[in-house]
Amino acid sequence: MAEDLSILKEATKEEKYLSIIPQIEALVEGEADLIANLANISAALKEQFNWFWVGFYLVKDEELVLGPFQGPVACTRIKKGKGVCGASWQQEKTLVVPNVDEFPEHIACASASKSEIVLPVYRNGEIIGVLDVDSEYLSHFDAIDDDYLNKIVSLIDA
Ligand code: SME
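Comments concerning the overall build of the protein
Argument step 1. For the protein, the count of helices and strands is four helices and six strands.
Argument step 2. Taken from N to C terminus, the helices and strands of the protein fall in the order α-α-β-β-β-α-β-β-β-α.
Argument step 3. For 158 residues, the compact-globule formula gives about 15 Å, and the C-alpha radius of gyration of the protein, at 15 Å, lands near that figure.
Argument step 4. Each of the three principal axes of the protein carries a C-alpha extent, and together these read 40 × 35 × 25 Å.
Argument step 5. When each of the 158 residues of the protein is scored for burial, the buried share is 44%.
Argument step 6. Taking as baseline every contact in the protein between residues at least 6 positions apart, the subset at least 24 positions apart corresponds to 50%.
Argument step 7. When the accessible surface of the protein is totalled, it reaches about 8000 Å², and 49% of it is carbon and sulfur.
Argument step 8. Positive and negative side-chain charges of the protein, numbering 13 and 27 respectively, have mean locations separated by a distance of 5 Å.

Printed below as a string of structure tokens:
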């Protein structure tokens, strides 16, 4: 496993994903521990994209509980259907929210967060949590993020 990531500074979003995805594959390949892999995925994404917050919430007893992440401290528990994370879990679909203030029941862990993307995470075909990425900029996420972040979380569906 490589100890240092190669990080692109001057590049398009797509080029950054194309550079970081094989590195994430190398990080999780051969490691069966879920938490170790989620921790490294959060760290690699934070290093490449420097998003405000990136991390995982994991399904535990009918709630989402905070998992490995990078960024400021966050809410620890989210109920099914609540906030963007709880809605993504309940609906089992990716939610792209250009302006969190316009999302009903958005859970504001940090007032600096302005837009968000949340996608379901599966293992052995079963939903085990969500990946949540928050930005301090409005409309920061689009179909490119949806596509590549789904490719990244699919790496742990094994
Ligand atoms: N804003 C999220 C809660 C999690 S934090 O932003 C890290 C939501 O509405 O689900």
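Alright, that's what it looks like, and here's the rest.
Some points on helix α3 (residues 83-91)
Because each turn of an α-helix spans 3.6 residues, side chains separated by three or four positions in sequence point in the same direction.
Argument step 1. Counting buried positions over the nine residues of α3 gives seven, a clear majority of the element.
Argument step 2. All of the buried residues along α3 are G83, V84, C85, G86, A87, S88 and W89.
Argument step 3. As for α3, its buried residues are in contact with β1 (53-60), β2 (63-70), β3 (77-79), β4 (95-97), β5 (115-123) and β6 (126-135).
Argument step 4. Just downstream of α3, E92 is the residue with a positive phi angle, here 50°.

Parameters at a glance
Residues numbered from 1 in each chain as written. Predicted model: local features only at pLDDT ≥ 70, side-chain atom pairs only at ≥ 80, totals over all residues. Heavy atoms only, no water. Helix = DSSP H or I, 4+ residues; strand = E, 2+ residues; numbered from the N terminus. Rg over C-alpha atoms; globule rule 2.2 N^0.38 Å. Buried < 20%, exposed > 50% of the residue type's maximum accessible area, 1.4 Å probe, protein only. Contact = heavy atoms within 4.5 Å. Areas by Shrake-Rupley, 256 points an atom, 1.4 Å probe, with all protein chains shown as cover. Lys, Arg positive; Asp, Glu negative; His and termini not counted. Charge placed at Lys NZ, Arg CZ, Asp CG, Glu CD.

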